[in-house]
Amino acid sequence: MEYVLQTHNLKKRYGNYRALDGLDMNVPRGSIYGLIGKNGAGKTTLIRLICGLQSPTEGDYELYGINSRDKGIVRARRRMGAVVEVPSIYQDMTATENLEEQYRILGMPDFEGIPELLKLVGLEGTGKKKAGNFSLGMRQRLGIAVALSGSPDFLVLDEPINGMDPQGIVEIRELILKLNREQGITLLISSHILDELARIATYFGFVDKGQMVKEISAAQLEAACRKCIHLKVSDTGILGRVLDEMGLEYAILSEKEGEIYGKIGVTELTLKLSAQGCEVESMQERDESLENYYINLVGGGSHE
Amino acid sequence: MNKNSYASINNLFSAHLARLKKSRMFWGLALLMAGFGVAAPLIAHFEMQKYGVSYSSESRLAWHALLTGYFTAAFTAWFLGTEYSDGAIRNKLIAGHTRRNIYLSSLGICVLAHTALLLLHMVIISVMGQWLIAPFELKAGGIALFYLLSLLVGLNFTAIYTMIVMLNQNKSASVTICMLVCFGLFVAAFYIYAMLAVPEMIPSGDNIVYVDGEALSQELELNPRYVGGVRRIVYKWLLDIIPFGQSIKLAEMKLEDSLRMIICSLCLTAGATLAGLCCFQRKDLK
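Residues numbered from 1 in each chain as written. Chains lettered and ligands numbered in written order. Predicted model: local features only at pLDDT ≥ 70, side-chain atom pairs only at ≥ 80, totals over all residues.

Participant: Would you mind going over the sheet that holds strand E10 (residues 211-217) of chain A with me for this structure?
Facilitator: In a beta sheet, neighbouring strands are held together by backbone hydrogen bonds and run either parallel or antiparallel to one another. All names here are of chain A. What the 6 strands build is an open sheet, ordered E6-E7-E8-E3-E9-E10; its pairing is mixed. Looking at which strands have only one partner, the edges of the open sheet turn out to be strand E6 (80-83) and E10. When strand polarity is set aside, the average angle formed by the axes of neighbouring strands in this sheet is 15 degrees. Bridging between strand E3 (residues 32-37) and strand E8 (residues 186-190) involves 4 bridges; their strand directions are parallel. Opposite Leu35, over in E8, you have Ser190 as the bridge partner. Sheet strands in contact with helix H1 (residues 43-50) are E3, E6, strand E7 (154-158), E8 and strand E9 (203-208), and its direction is about 145 degrees off that of E7. In this fold helix H11 (residues 290-298) packs onto E3, E9 and E10, with an angle of close to 40 degrees to the strand it touches most, E9. (Pairing = 2+ DSSP bridges. Helix = DSSP H or I, 4+ residues; strand = E, 2+ residues; numbered from the N terminus. Axes fitted to C-alpha atoms, helices over the stretch in contact; angles between N-to-C directions. Contact = placed C-beta atoms within 7 Å.)

Participant: Before we go on, may I ask you to explain the packing of helix H4 (residues 68-85) of chain B against helix H8 (residues 171-197) of chain B in this structure?
Facilitator: To describe two helices that pack against each other, one gives the angle between their axes and the distance between the axes. All names here are of chain B. At a minimum axis separation of 8 Å, H4 and H8 run at an interaxial angle of 160 degrees. What the angle tells us is that H4 and H8 run roughly antiparallel. In this structure, H4 crosses over H8, and the sense of that crossing is right-handed. Along its contact with H4, which presents Gly69, Tyr70, Ala73, Thr76, Ala77, Trp78, Gly81, Thr82, Tyr84 and Ser85, the element H8 presents Lys171, Ser174, Val175, Cys178, Met179, Cys182, Leu185 and Phe186. The residue makeup of the contact of H4 with H8, split by class, is 11 nonpolar, 6 polar and 1 charged. (Parallel < 35°, antiparallel > 145°, perpendicular 65-115°, else oblique. Left-handed = near helix turned anticlockwise from the far one by under 90°. Nonpolar A, V, L, I, M, F, W, Y, C, P; charged D, E, K, R; others polar.)

Participant: Looking at this structure, I do not really get the sheet that holds strand E2 (residues 17-28) of chain A. What am I missing?
Facilitator: All names here are of chain A. The antiparallel open sheet is built from 4 strands, whose spatial order is E2-E1-E4-E5. Strands with a single pairing partner mark the edges of an open sheet, and in this sheet they are E2 and strand E5 (66-67). In this structure, strand E1 (residues 3-14) lies alongside E2, joined through 9 bridges in antiparallel fashion. Across the sheet, Lys11 pairs through a bridge with Asp21, a residue of E2.

Participant: Sorry, what's going on with unusual backbone geometry here?
Facilitator: In terms of backbone geometry, most residues other than glycine have negative phi values and most peptide bonds are trans. Residues and elements named next belong to chain A. With a phi close to 50 degrees, Ser151 is a non-glycine residue in the positive phi region. In this structure, Ser151 sits in the loop between helix H5 (136-147) and E7. Judged by local crowding, Ser151 falls into the partly exposed class, with 13 C-beta atoms found within 10 Å. (Buried ≥ 20, exposed ≤ 12 C-beta atoms within 10 Å, placed from the backbone.)

Participant: What is the right way to read the pairing of E1 of chain A from this model?
Facilitator: Regular strands place side chains that alternate from one sheet face to the opposite one. In terms of strand pairing, E1 of chain A meets strand E4 (residues 58-63) of chain A through 5 bridges, oriented antiparallel. Residue Gln6 of chain A lies in a different strand from E4 of chain A, and its bridge partner there is Glu62 of chain A.

Participant: Before we go on, may I ask you to explain the packing of helix H7 (residues 140-166) of chain B against helix H11 (residues 258-282) of chain B in this structure?
Facilitator: Residues and elements named next belong to chain B. Packing of H7 against H11 brings their axes to within 9 Å, and their N-to-C directions diverge by 20 degrees. Put simply, H7 runs roughly parallel to H11. Between H7 and H11 lies a crossing whose hand is left-handed. Contact residues: H7 offers Leu145, Leu149, Leu152, Val153, Leu155, Asn156, Ala159, Ile160, Thr162, Met163 and Met166, while H11 offers Ser258, Met261, Ile262, Ser265, Leu268, Thr269, Ala272, Thr273, Ala275, Gly276 and Phe280. Per-class residue counts for the contact of H7 with H11 are 15 nonpolar, 7 polar and no charged.

Participant: How should helix H6 (residues 166-183) of chain A be read in this particular structure?
Facilitator: Residues lying three or four places apart along an α-helix face the same way, a consequence of the helix completing one turn every 3.6 residues. All names here are of chain A. Given a rise of 1.5 Å per residue, 18 residues ought to cover 26 Å, and the 25 Å separating the end C-alpha atoms of H6 matches this to within 8%. If you check which residues of H6 are buried, you get Ile172, Ile176 and Leu179. The buried residues of H6 occupy one face: seen down the axis, they fall within an arc of 65 degrees. Away from the buried face of H6 by more than 90 degrees, exposed residues Pro166, Gln167, Glu174, Arg181 and Glu182 are located. Along its buried surface, H6 packs onto E3, H5, E7, E8 and helix H7 (194-200). Following H6 by one or two positions, Gly184 has its phi on the positive side, about 65 degrees. (Expected span 1.5 Å × (residues − 1). Arc of directions from axis to C-beta.)

Participant: I tried to follow the domain arrangement of chain A on my own but got confused; where do I start?
Facilitator: Size of an interface, as often reported, equals the accessible area lost when the parts are brought together. Assigned domains within chain A: domain 1 (3-223) and domain 2 (226-287). Put simply, the middle of domain 1 of chain A and the middle of domain 2 of chain A, counted by C-alpha atoms, are 44 Å apart. (Domains from an automatic or database assignment.)

Participant: I'm lost on the nonpolar core in this one. Help?
Facilitator: All names here are of chain A. Grouped together as the largest cluster of nonpolar side chains are 134 residues, with contacts concentrated most on Leu142 and Leu187. Non-local contacts of Leu187, meaning those with residues more than four positions away in its chain, are made with Ile32, Tyr33, Leu155, Leu157, Ile176, Leu179 and Asn180. Of all hydrophobic cores here, the second largest spans 10 residues; its members include Leu231, Val233, Tyr250 and Leu273. (Core = buried A, V, L, I, M, F, W, Y, C linked by C-beta atoms within 7 Å.)

This is the structure:
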C-alpha cells in the first residue's frame, strides 16, 4: 500500500507534558483518514508537526516518502494543504482577495483558477463581503479553498465541522467527499464528532495519550462492529424458541424486546413468529457505533 | 541565497506588497506623515511672518526624528501581528516557505513601508521648506547624509520591532510590547543624552554673579556630575546604539559622528535580525 504520510515513534514534549508519546501512523493514498481522540490526545499537535509549525522532540515522519529530517520536506509540503484549528484567512479581505493572496504566496502565474475554486466551495456569490463578516461555515469553506489553492493531493483538516450548524456540516461533508472522489485528494481529518467521521472516513486512527491505539480501515471496522436487529414483539419467550430453532445468536432485553446478531431472513422469521402467535411490533437494524468501538478501545472516560 | 530561496522571498514579498497596498493603517500613516510634512514648513513660515523669528529648512526636516520610533512600532506590530492573528503565517509554512524566508520578507516589507512613509514626509518638507522657509544651508552631501541616517534609524527600529512581533503570537501583546519598548528606548536615550550634556566645569559656589538669570563666575570648578573617561565613551556609543539616541542627534542636526552612527545602525539591525531569525527558527507556532 502506498502511503502519503507515515509517522515513526513521533514524540513532542512541552516542558514535562508529553503531547505525543511515540505515535506511529500510516495514511494510505486516496483515503479519508479519520483521526479520533479525546481532548489533549495529541491530534492537533500531530497536525502542527506535519504542517511544519512545530518540530518533533523525537522521532520523524515521512511525507510522500520524504523524511522530515530531509531538507526536501519543505518542498514536499507544497503538495499538501491544511486548515489547522481555525481557518487561516485575512478577516479584512474578501474571499477572492484571500485566494489571490494565497496564489501570490504560492507563486502562481495568474488568478485563473479562483472562480472555479470559489464555486467548488460554494462561495462564488460572496462578492465584496469581507471574510470577517462570514458565517463560521463560510469561513471554514474559505479556509479549505485557501488550502486547495496549490492543487494539493493531500488535505489536512483539523476539526472542520467544529461549532457548525447542521446545514454547514452537510455542506462540508459533501465537499470532503467530492474532493476525495472526484479529485482523488487524500484527506486527514481530525474530529470529535464521531458520527460524522463514521459517514465519510475510509480509515480510522484512534489516538490516546499521544499514542496510536489502533489503525483500522472502514471495512475492518464494519466487520468488527457487530450488526444487530432490534425487535419489539408481543412475547419474547416465543421469540427465543424460534431463534433457537433457527440457530441464531440473540439476546432478550425485556419481556417485549430482544436483539438478534447476524443476518436474518426477515420474512422467514416474521412468518415463524406469526405461526406461533407472536406479533412483531417493530424491527430495526442497529450497528455498534463508532463511538462504542472507540470507548471500548480507549477504555471510556470523558471524551468530546 | 539560491534560486529557490530568491523565488520564495519574491513570492512572499509580493503577497505582502499586495496586502500593504490595501492596508488602511499604512495609508492612514501616509496621510499623517504627509500632513506633518506640510504642517512643519507652514507653521515655520507663519511664525517667521508674524514674529520675525528665523528658521532653517534643516531644522524642520528633523521633525520626524522623534516620531519615527512610534509610527514604526504601530505599523510593524499591526501589519505583522495580523499574520499571526489571522493565521496567515501558517499558510506560508504549509505552502513550503522556510522560516528564514518568511522572516526576511516580513522585515523587508516593513522596511519598505517605513522608508516610503519617511521619504514622503521628508521630501514634502524639503520641497516646501525651500519655498516657505529658506534654501538649505547644508550642502547636497549633508542633506543626503541626513536622509541616509534618518532611514537607517528607521531600519533599526523596524528590525527591533520585527523581532518582537515575529516572536510573539499575540497581536495585541505585540502592539503593547512594541510601544513599551519604544517608550523605554526613548527614556533611556534621553537619560544618556542628558548625562552627556552635563558640563564638565561649573561656576564656583562662592563668587557667582547672575546676569539675566545666567550664573557667571570668574572661578570654575569641576562638576561632580560630569560623566568622563571610559564611562563617557561608553555613553556616547550607547547613545548611537539606541535608535532614539540617534533620533535626538538628528533632531539637533548633530551629524559629526555620522560614521559611528552608520556602523551602530547597521550592527544593531544585523544583531536584531540574526537574533530574531535564530529564535523564530526554533519557535513552536500554533
